[in-house]
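Geometric and topological summary
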Amino acid sequence: PRLSAPFDLDGVDFGIFIDFSSLYQNAHSLGCPDCAKRTVWQGACEKHARTDEQYGSFKRGLNEMDLIYAHQQTCVWRLTKPPGNAPEGFKPYKDRGWPFFETCVSQVVKPSKHCLDLGTDKAHTTCLSVYSGVVKPMEALRDQGHWGNQFSHPDSPLRFLVGDRTPPLVPSEFELRLEKMKFTNS
């Protein structure tokens, strides 16, 4: 669906795309003994795997993923630290294929304030705790909707979310590093 207001940087209309939950995934079934024998990296058993139609949709989504991450008008929020209940053997963010791809692509041409990291200690203690459990009326959210002010205002906790940037990798180095990564659920 299209947004109701015309796009402009001062507008309050927005869309949210959460990559993992927006694409069909192979999902373990908690009560399935066959799924229980498999690791997260192996994916679900055949009974709980994607259908052919779901797989087709998943692949089409993957083919366009770089556009979402690289576009200058999107803001990428990365969670670089695993949640406290991450399974044993959970690979660090920097060692996993999809997060590596997403980070590299999102940092090519996008402004720094559009590449955010929710996983830093500073982000957790300073920014996320400010909003923890706070319900705000719609008018207050609308009034805070001007994205540009959120990073320059000295009291804004969002300034702590701007992640470290590295220079873009040359294609040969990008490919070499991708070959060493583990991609799951693809």
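Parameters and conventions
Throughout this description, residue numbers start from 1 for each chain and increase along the sequence as written. In keeping with the predicted nature of the model, local features appear solely for residues at pLDDT of at least 70, side-chain atom pairs appear and are counted solely at 80 or more, and the whole-chain, interface and lining totals rest on all residues. In computing side-chain values, all of the structure's heavy atoms are included and hydrogens and water are not. For the purposes of this section, nonpolar cores are sets of buried Ala, Val, Leu, Ile, Met, Phe, Trp, Tyr and Cys residues that join through side-chain atoms within 4.5 Å. A simple rule labels every residue: compare its accessible area, found with a 1.4 Å probe on the protein chains alone, to the largest value its type can have, and call it buried under 20%, exposed over 50%, or partly exposed in between. Per the convention used, a helix needs a DSSP run of H or I reaching at least four residues, while a strand needs a run of E reaching at least two, with both numbered from the N terminus. The contact criterion used is simple: two residues touch if any of their non-hydrogen atoms lie within 4.5 Å. Only protein atoms enter the calculation, which uses a 1 Å grid: trapped sets of points that fit a 1.4 Å probe without letting it out are cavities, open sets showing protein on both sides within 12 Å along at least five of seven lines are pockets, and any residue with an atom within 4 Å of a point is a lining residue. Grid points are joined across faces, edges and corners, and a volume is the space filled by probe spheres set on the points. Put simply, Ala, Val, Leu, Ile, Met, Phe, Trp, Tyr, Cys and Pro go in the nonpolar bin, Asp, Glu, Lys and Arg in the charged bin, and everything else, Gly too, in the polar bin. Aromatic contacts are taken between Phe, Tyr and Trp rings whose centres are within 6.5 Å, Trp giving its six-membered ring; a plane angle under 30 degrees counts as stacked, one over 60 as edge-to-face, and the others as tilted. Throughout this description, the term charge over a ring refers to an Arg CZ or Lys NZ atom that lies within 6 Å of the ring centre and within 35 degrees of the ring normal.

Description of the nonpolar core
In this structure, Leu23, Phe58, Leu62, Met65, Tyr69, Val76, Phe100, Phe101, Val105, Phe174 and Met181 together form the largest nonpolar core, which totals 11 residues. Listed by contribution, the elements that provide at least two residues to this core are helix H3 (52-70) and helix H4 (97-106). Tallying contributions element by element places H3 first for this core, with four residues. When residues no more than four places from it in sequence are discounted, the contact partners of Val76 are Tyr69, Ser106, Lys110, His114, Cys115 and Leu116. Within the second largest apolar cluster, five residues are counted, among which are Leu116, Ala123, Leu158 and Leu161.

Observations concerning the layout of surface pockets
Left-over empty space is what a probe sized like a water molecule reveals as it rolls over the atoms. In this structure, the second largest pocket encloses a volume near 590 Å³. Along the walls of the second largest pocket sit 26 residues, with Arg78, Phe100, Thr103, Gln107 and Thr166 positioned nearest its centre. Those elements that provide at least two residues to the lining of the second largest pocket are H4 and helix H8 (171-179). Considering every element that reaches the lining of the second largest pocket, the biggest residue donor is H4, with five residues. Residues that form the lining of the second largest pocket fall into these classes: 14 nonpolar, six polar and six charged.

Details of the packing of aromatic side chains
Applying the stated criterion across every chain, the model contains three aromatic pairs. Judged by centre distance (5.8 Å) and plane angle (20 degrees), the ring pair of Phe100 and Phe174 falls under stacked. Note that Phe100 is positioned in helix H4 and Phe174 in helix H8, a separation of 74 residues in sequence. Neither residue differs from the other here; Phe100 and Phe174 are each classed as buried. Ring-pair connections join several aromatic residues into one group, and the members of that group are Trp98, Phe100, Phe101 and Phe174. Over the ring of Phe58 we find Arg50, and its NZ or CZ is 3.7 Å from the ring centre.

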